[in-house]
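For reference, the chains in residue letters:
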Amino acid sequence: MSEKFKIGTRAVQGGYSPKSGDPRVASIVQSTSYKYDTFDEVANVAAVSADVTALNKQGGYLYTRVGNPTVTALEKKYVELQGGVEAIATASGQSAVVYSIINIANSGDQIIANSNLYGGTYNLFNTIIPKLGINVSFVDPTASEEEILEAATENTKLIFGETIGNPGLNVLDFDKFSSVAKKLDIPFIVDNTIATPYLINPFEYGANIVVHSTTKYSDGHAVSLGGIIIDGGNFNWANGKFPDYTTPTGPYNVIFVNEFGKRAFSGKLRTNLVEEFGAAPAPFNAFLTNMGLETLHLRMERHSYNALNLAKYLSNHPKIQWVRYPYLEWDPEYERAEKYLNGGASGILTFGVKGGIEAAKTLGENLKLASIVVNLGDVRTYVIHPASTTHLALSEEQQREAGVTPELIRVSVGIEDIEDIIADFQQALDRV
Ligand code: PLP
């Protein structure tokens, strides 16, 4: 599709252009395997796939771990929505985050991460990635440019942050973090799960790689796990810091910057990690995610509208201690939210009830429309207590670094009618 189309049109129609007589909708190709008439034909497809220069010219499909037409349609739609040169879908958001890191950093390297992260990513960086020999330095989102630079070593290979921290709700200071990344000449990776391509295009603010858990707002209906990695095609991997990109690497002994040019990152990811690590998305999940994305623009507007209105309601309630939502004018993140986000701050808000966690439990357990669910980004409204669930593995100090206080309740505000959502919180608060 042409870039002249606005994001809603690209959400609905992008990624799949049927020819005459083709199914109108990108269909589910629920097959692990692809049939050929002769050994020579399949050998030719395999050779074209192995000949990485031709990989994206389409050698045909061989095996669904490596490629599948339904997954391709999802990847193409994501490039339409988020920009960049190529998107690679994975089985989960978590595998997308892992791939984005290990496609760049090796044992002996270091990475810098904003501390205000989803609990799973924090755990990954705090305990698993170091086991691979990759050292992780966490920096506070409010750290100055100088402080972030001080956290770097000569082996620092990337900087990582979330557009809207889950559930710290800090809005990433793109200018600051991208400026540090440029000074260090390393890529800037952004997890854009909560903001989605509708609220921001991180590539316009200096990101080089964008990752998403598509399980959240992209799917939007809590039916399919998935992740995606988008290559901005805007980083120079031949700057001397990334020998895996400039010397023969991987099963096909490829010099990625030579073979793939602007797509060096995604070329390496596809031919090494997708093929050999194997966290492939299920075609059915790709189909459902694709369908979810068709209404992304409508849902994100409504999620943002509902979250702002629930945040305002809770702010005025006498039993509520505090409320955080980046689009509240008095929120500490408001200025950055206005600067970077497209008219809304997504569907996540947090609050504390007077009386602490015990009072919050009474509130949560008396909600009738909203339910207690650990997921977020669904059309239905959810509440959760992150300190005892998503961020359970973190110490209290680490939780505070990640923006989680003991009494914090996270609401993933759905797209039901806001009057009904507010009435539900009202009746539950009456019982506190
Ligand atoms: N990134 C963020 C911001 C998340 O909130 C999550 C999950 O909650 C993930 C990544 C991991 O995604 P998944 O659950 O799809 O593996």
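- Going by an unreviewed UniProt entry, the protein carries the name homocysteine desulfhydrase and comes from Clostridium kluyveri.
- Per UniProt, the protein carries the Sequence similarities (unreviewed entry) text "Belongs to the trans-sulfuration enzymes family."

1. Describing the overall build of the protein
So, point 1. Scanning the protein from N- to C-terminus turns up 18 helices and 12 strands.
So, point 2. The C-alpha atoms of the protein give a radius of gyration of 22 Å, which matches the 22 Å a tight globule of 432 residues would have.
So, point 3. Taking the principal axes of the C-alpha coordinates as reference, the protein spans close to 75 × 55 × 40 Å.
So, point 4. Pairs at least 24 apart in sequence give 73% of the contacts found in the protein among residues at least 6 apart.
So, point 5. For the protein, the computed accessible surface area is about 17800 Å², with 52% contributed by carbon and sulfur atoms.
So, point 6. Taking the average place of the 35 positive charges on the side chains of the protein and the average place of its 48 negative ones, the gap between the two points comes to 3 Å.

2. So, the packing of helix α5 (residues 93-102) against helix α12 (residues 264-277)
Packed helix pairs are characterised by how far apart their axes lie and by the angle those axes make with each other.
So, point 1. Across the interface, α5 lies against α12 with an axial gap of 10 Å and an inter-helix angle of 120 degrees. Comparing their axes, α12 and α5 come out oblique. Judged by the sense of rotation from one axis to the other, the crossing of α5 with α12 is right-handed. Contacts between α5 and α12 involve Tyr 99, Ser 100 and Ile 102 from the first element and Phe 265, Lys 268, Leu 269, Leu 273, Val 274 and Phe 277 from the second.

3. Re the UniProt feature "modified residue: N6-(pyridoxal phosphate)lysine" (unreviewed entry) in the protein
So, point 1. As recorded in UniProt, the feature "modified residue: N6-(pyridoxal phosphate)lysine" (unreviewed entry) lies at Lys 216.
So, point 2. Within the secondary structure layout, Lys 216 lies in the loop between β6 (209-213) and β7 (227-231).
So, point 3. Every residue in contact with Lys 216, bar those within four places of it in the chain, is listed here: Thr 193, Asn 375, Leu 376 and Gly 377.

4. Structural notes on the site of the ligand
So, point 1. The ligand sits among Ser 92, Gly 93, Gln 94, Tyr 118, Glu 162, Asn 166, Asp 191, Thr 193, Ser 213, Thr 215, Lys 216 and Gly 226.
So, point 2. Residue Ser 213 places a side-chain N or O atom 2.8 Å away from an oxygen atom belonging to the ligand.
So, point 3. Between Thr 215 and the ligand, the recorded distance is 2.6 Å, taken from a side-chain N or O atom to an oxygen atom.
So, point 4. Surface burial for the ligand is 91%, taken as the share of its 390 Å² of free accessible area covered by protein chains.
So, point 5. Broken down by class, the residue content of the shell around the ligand amounts to 1 nonpolar, 8 polar and 3 charged.

5. Side note on the pattern of salt bridges
Two side chains of opposite charge can pair, provided their charged atoms sit close to one another.
So, point 1. Within the structure shown, the criterion is met by 14 salt bridges.
So, point 2. Residues Lys 35 and Asp 37 are paired through a salt bridge, measuring 2.3 Å at the closest nitrogen-oxygen approach.
So, point 3. Close ionic contact of Asp 331 with Arg 324 constitutes a salt bridge, the shortest N to O distance being 2.7 Å.
So, point 4. The exposure class assigned to Asp 331 is buried, which follows from its relative accessible area of 5%.
So, point 5. Judged by relative accessible area, Arg 324 falls into the buried class, the value being 18%.
So, point 6. By sharing partners, the salt bridges in this structure join Glu 75, Glu 86, Arg 263 and Arg 270 into a single network.

Rules used in this analysis
- Residues numbered from 1 in each chain as written.
- Predicted model: local features only at pLDDT ≥ 70, side-chain atom pairs only at ≥ 80, totals over all residues.
- Heavy atoms only, no water.
- UniProt positions renumbered as here; feature names shortened; annotations may be inferred.
- Helix = DSSP H or I, 4+ residues; strand = E, 2+ residues; numbered from the N terminus.
- Rg over C-alpha atoms; globule rule 2.2 N^0.38 Å.
- Contact = heavy atoms within 4.5 Å.
- Areas by Shrake-Rupley, 256 points an atom, 1.4 Å probe, with all protein chains shown as cover.
- Lys, Arg positive; Asp, Glu negative; His and termini not counted.
- Charge placed at Lys NZ, Arg CZ, Asp CG, Glu CD.
- Axes fitted to C-alpha atoms, helices over the stretch in contact; angles between N-to-C directions.
- Parallel < 35°, antiparallel > 145°, perpendicular 65-115°, else oblique.
- Left-handed = near helix turned anticlockwise from the far one by under 90°.
- Near = heavy atom within 4 Å.
- Polar contact = N/O pair within 3.5 Å; in protein donor to acceptor, adjacent residues only side chain to side chain.
- Nonpolar A, V, L, I, M, F, W, Y, C, P; charged D, E, K, R; others polar.
- Salt bridge = Lys/Arg side-chain N within 4 Å of Asp/Glu carboxyl O.
- Buried < 20%, exposed > 50% of the residue type's maximum accessible area, 1.4 Å probe, protein only.

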